[in-house]
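# Coordinate analysis (summary)
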Amino acid sequence: MKDLLRPALSLFVLLTAITGLAYPAAVTVIAQTLLHDTASGSVLFRDGKPIGSRLIGQNFAEPKYFWGRPSVTLPQPYNATASGGSNQGPLNPALVDAVKARIDALKAADPNSHKPIPTDLVTASASGLDPHISPAAAHYQVARIAAARGLSPDKLNTLIAAHTEDRLWGLFGEPRVNVLELNLALDGIR
Amino acid sequence: MSYHAWILLILYLVLLLSLVKPLGIYIANVMEGQGIAPRLGRWVENALYRLCGINASEEMGWLKYAFAILLFNLIGILAVYALQRLQSWLPLNPQAMANVSPDSSFNTAISFATNTNWQGYSGESTMSYLTQMLGLTVQNFFSAATGIVVVIALIRGFSRHTANIIGNAWVDITRITLYVLLPLSFIFAIFLVSQGVIQNFDSYKDVTTLEVTHYDNPKLDTAGQPLKDEKGNPVTEPATTQVQTLAMGPVASQEAIKMLGTNGGGFFNANSAHPYENPTPLSNFVQMLSIFLIPGALCLTFGRMVGDTRQGWAVLAAMTLMFVVMAVVAMHFEQQGNPLLARLGVDMSAGNMEGKETRFGIADSGLFATITTLASCGAVNATHDSFMPMGGFVPLWNMMLGEVVFGGVGSGLYGMLVFAVMAVFIAGLMIGRTPEYLGKKIEAFEMKMVSIAILVTPLLVLACTAVAVIAVDGIAGIANPGAHGFSEILYTFTSAANNNGSAFAGISANTPFYNGMTAIAMWFGRFGVIVPVLALAGALAAKKRIAVTSGTMPTHGLMFITLLIGTVLLVGALNYVPALALGPVIEHLMLFGVH
């Protein structure tokens with residue numbers, strides 16, 4: 001079997017150079033030339049400064065902003081260098097406690113609301129970086145934000161509708177709202 | 001199950017089944033050096049063979065073929081291990097990642113060489129760009145190529161007669177890499193970038209967030225370990241930040257082959273749930289298609305190479321039927337949602353959203369979970385650990401079928417053909433005739449190899465799980481209390497031995513105990529099957545072809561498909577019923593019965 005060693009080693013090195021160097025390099029050159037924005041992370045700018053990525057959620061806890069999905073990344077929520085979910089099973093008491101605490105926080109920020117809470121607003125996302133919430137979760141927060149900003153609920157509902165992405169071709173994914181883009185638009189209202 | 005979920009499933013099947021035939025025939029041609037791609041690439045191929053001292057026209061017997069495959073994979077393991085251990089001194093490491101620990105490096109090296117892609121580490125905080133590219137991306141190609149060439153060798157065993165050679169391993173690996181995996185990955189990678197997957201070599205980007213984040217920062221002792229109070233809880237101090245650091249890297253090029261090669265190892269910890277790996281519902285759908293694409297196409301490659309396309313369609317039909325049932329079960333139970341949360345006043349109409357991404361919801365997550373575990377891919381776009389008990393049962397059960405329903409690239413089909421031989425053997429016993437498949441008599445040696453190939457994974461799964469639940473180090477890894485904790489351990493070894501790589505990821509598996517145990521399960525789960533399969537190929541190739549008579553059982557009709565499904569379910573999965581009863585079944589009864 002000695003005659004196998006040279007072909008094995010040299011084929012390994014050459015195919016490694018093709019698949020591990022030439023291939024990623026070629027993809028990078030084409031991606032950076034044709035699709036520079038997405039290949040570099042879909043970064044959003046305000047006044048020329050990078051303020052986040054369209055694809056990566058941010059933590060919001062102030063009453064004046066729309067809140068996103070709960071994130072359980074460590075040590076801080078929405079840590080984009082430590083993606084991950086809670087991995088809590090459906091019977092885990094810690095899951096029930098965490099959801100209870102999130103419900104309490106939502107109710108404390110808007111004591112007059114008695115509507116059922118959309119599930120995505122109190123359950124942690126898989127990546128911990130989910131940039132979206134459901135339209136229902138956005139509408140649930142309208143009263144709180146309207147009070148905090150002194151805006152009419154109608155105006156906020158219109159803003160949500162304008163930022164709602166539907167299922168692609170009616171087939172793929174779920175209807176959703178990008179929280180960071182929605183909050184940027186909110187800050188833009190005078 | 002929602003109307004939308006049904007439409008999604010049907011559309012998926014239509015697109016998949018229309019793509020497998022052209023690709024399957026293309027692969028059959030390429031592996032025999034025919035068609036336009038090998039003509040165009042002949043000079044590259046010949047240059048490679050010359051540089052490597054390979055005589056392309058000289059074929060190998062099964063033993064030599066097996067040694068070649070083992071040697072090629074061992075070199076891969078050494079290379080991935082070395083890259084991780086030395087990465088801090090190597091280039092393309094803008095975040096100055098430290099060298100990876102020996103046990104984790106060893107585990108990852110085995111994991112990526114065996115097409116398992118189990119991940120004890122978090123990509124974005126552990127691996128340098130060079131390790132991701134030159135180590136992990138490369139093994140994504142090579143482990144996929146390994147699986148495919150082994151099934152091609154097995155098919156040659158059926159299609160040839162009175163021959164003692166089953167192909168040249170070097171030529172097979174080169175052709176499948178250059179003409180199938182590389183071009184498909186290239187196109188797919190560019191598509192992924194268009195959807196938002198990143199592809200760059202930048203250092204991580206700091207951005208200033210809209211809001212200041214308040215959080216509890218764990219205090220560290222002088223050795224860098226988290227401090228604990230007397231009750232064992234971590235000591236924290238309040239902290240604030242307005243900076244978010246975005247992890248970067250050459251993701252798209254790795255993501256493409258990760259899916260096409262049914263590898264499944266994510267660039268980031270969150271895998272295909274991470275918006276930079278799987279940004280849109282469209283990228284998600286195409287990722288799902290790409291998982292089953294090559295395993296499905298290889299069924300038609302098989303039909304073509306044995307000279308009877310109906311044989312390939314029969315195997316594909318058995319796979320497709322089992323897939324549809326499991327997909328429906330997963331989507332149904334995830335849509336139900338958690339009754340414990342509903343009682344808190346939460347509107348559960350969107351289903352069980354813990355551990356799921358908003359853009360995917362229930363249908364796209366449930367379907368993805370079914371596909372990724374039937375194929376031995378193991379990429380995840382939702383955390384399986386947080387699935388409903390019966391929703392999480394589906395991924396576990398799918399892997400227990402032995403990764404033969406589509407399965408890994410190559411490995412799925414050779415696993416299924418092993419079951420097909422078992423099926424004709426059982427049928428032969430029932431009617432008292434010598435079993436035969438595709439004109440080859442199935443005799444004692446073949447059945448010994450088939451038995452080893454079928455029994456090695458259940459043995460590894462159950463033995464390793466048994467060890468882990470009585471070992472202190474095994475129990476220490478559990479994250480969820482009760483029956484779910486047992487499921488986490490069972491899932492770990494089911495995933496490792498079947499070379500899937502997904503996880504009930506709450507388990508703390510980056511410890512010397514789990515790194516060592518899963519490495520053993522992965523290695524023997526892979527090569528403990530490949531070697532007997534190649535022996536089977538050699539034995540079949542040496543046989544005479546016997547003529548079809550009125551007494552030959554047809555292996556392309558409904559009866560054979562039923563028999564094949566029955567064999568997979570009975571022989572493959574029944575081993576696990578007691579273990580499943582202790583895990584997801586008990587959990588389901590507790591959630592909906594007791595509560």
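Provided above is the structure to which this section pertains.
Analysis parameters
Here the residue index of a chain counts from 1 through its sequence in written order. Chains and ligands are labelled by the order in which they are written, letters from A for the one and numbers from 1 for the other. pLDDT decides what is reported in this predicted model: residues at 70 or higher carry local features, side-chain atom pairs at 80 or more are listed and counted, and totals for whole chains, interfaces and linings draw on all residues regardless. With hydrogens and water excluded, all non-hydrogen atoms of the structure serve as input to the side-chain values. In DSSP terms, a helix is any run of H or I states spanning at least four residues, a strand is any run of E spanning at least two, and both are numbered starting from the N terminus. Only C-alpha atoms enter the radius of gyration; for comparison, a globular chain is expected to reach 2.2 Å times N to the power 0.38, where N is the number of residues. With a 1.4 Å probe rolled over the protein chains alone, any residue whose accessible area is under 20% of its type maximum counts as buried; one over 50% counts as exposed, and the rest are partly exposed. In this analysis, two residues are considered to be in contact whenever any of their non-hydrogen atoms come within 4.5 Å of each other. Each accessible area value is a Shrake-Rupley result obtained with a 1.4 Å probe; residue values ignore everything except the protein chains displayed when judging cover. Accessible area that two parts lose when put together, with a 1.4 Å probe and added across both, is what the buried area reports. We define a salt bridge as a contact between a side-chain nitrogen of Lys or Arg and a carboxyl oxygen of Asp or Glu at a distance within 4 Å. Think of a polar contact as two N or O atoms within 3.5 Å of one another; within protein, one of them needs to be a possible hydrogen donor and the other a possible acceptor, and neighboring residues in sequence only count if both atoms come from side chains. Expected helix span is taken as 1.5 Å per residue step, with the number of steps being one fewer than the number of residues. Each axis is a line fitted through C-alpha atoms, and for a helix only the stretch in contact is used; angles between axes span 0 to 180 degrees, taken between their N-to-C directions. For any pair of crossing helices, the crossing counts as left-handed if the nearer helix is rotated counterclockwise from the farther one by less than a right angle, and right-handed if it is rotated clockwise. In this classification, the charged set is Asp, Glu, Lys and Arg, the nonpolar set is Ala, Val, Leu, Ile, Met, Phe, Trp, Tyr, Cys and Pro, and all remaining amino acids, among them Gly, are polar. Any two strands with at least two DSSP-identified bridges between them are counted as paired.

The next thing to look at is the overall build of chain B. Secondary structure assignment for chain B yields 21 helices and 5 strands. Against the 2.2 N^0.38 benchmark of 25 Å for 595 residues, chain B shows a C-alpha radius of gyration of 24 Å, consistent with a compact globule. Taking all 595 residues of chain B together, the buried fraction comes to 64%. If you take every contact in chain B between residues at least 6 apart in sequence, the share linking residues at least 24 apart comes to 80%. Carbon and sulfur atoms make up 66% of the accessible area of chain B, which amounts to about 19,400 Å² in all.

Contacts between the two partners involve 101 residues from chain A and, on the opposite side, 119 residues from chain B. Summing the contributions of chain A and of chain B, the shared interface buries around 8,700 Å²; its carbon and sulfur component is 70%. Remark: the boundary between chain A and chain B carries 1 salt bridge. The salt bridge involving B:Lys64 is made with A:Asp3; its shortest N-O contact spans 2.9 Å. Seen at the junction of chain A and chain B, the total is 43 residue pairs in polar contact (both at pLDDT 80 or more). Every element with two or more residues in the side of chain A that touches chain B is listed here: helix H1 (5-34), helix H2 (36-39), strand S1 (43-46), strand S2 (49-53), helix H3 (93-109), strand S3 (117-118), strand S4 (132-133) and helix H7 (179-188) of chain A. The dominant element in the side of chain A that touches chain B, judged by the number of residues it contributes, is H1(A), at 23 residues.

Residue and element names in this part refer to chain B. Residue position: threonine 126 is located in helix H6 (residues 123-126). For threonine 126, a relative accessible area of 16% gives the class buried. From its side chain, threonine 126 meets the backbone oxygen of serine 122 in a polar contact 2.6 Å long.

With 28 residues, helix H11 (residues 309-336) of chain B should cover 40 Å at 1.5 Å per step; its first-to-last C-alpha distance of 41 Å lies within 8% of that length. At the exit of H11(B) stands B:Gly337, carrying a positive phi of roughly 80 degrees.

Time to look at the packing of helix H4 (residues 62-86) of chain B against helix H5 (residues 102-113) of chain B. All names here are of chain B. Between H4 and H5, the least distance of the axes is 8 Å, while the angle of their chain directions is 145 degrees. When the axes of H4 and H5 are compared, the crossing they make is right-handed. Only Pro102, Ser104, Ser105, Phe106, Thr108, Ala109, Ile110 and Ala113 of H5 make contact with H4, whose side of the interface consists of Asn73, Ile77, Val80, Tyr81, Gln84 and Arg85. Of the residues contributing to the contact of H4 with H5, the split by class is 8 nonpolar, 5 polar and 1 charged.

Let's shift gears to the sheet that holds strand S5 (residues 164-165) of chain A. All names here are of chain A. A sheet is described by the order of its strands in space; here 3 strands give the open sequence S4-S6-S5, paired in antiparallel fashion. In this open sheet, the two strands that pair with only one neighbour each are S4 and S5. With 2 bridges connecting them, S4 and strand S6 (residues 176-178) associate as antiparallel partners. Each residue of the ladder has a partner; that of histidine 132, found in S6, is asparagine 178.

So, on to the pairing of S1(A). All names here are of chain A. One ladder, built from 4 bridges, connects S1 with S2; its direction is antiparallel. Bridged to arginine 46 within S2 is lysine 49. Following S1, the chain reverses through 2 residues before pairing antiparallel with S2; aspartate 47 in that reversal takes a positive phi of roughly 50 degrees.

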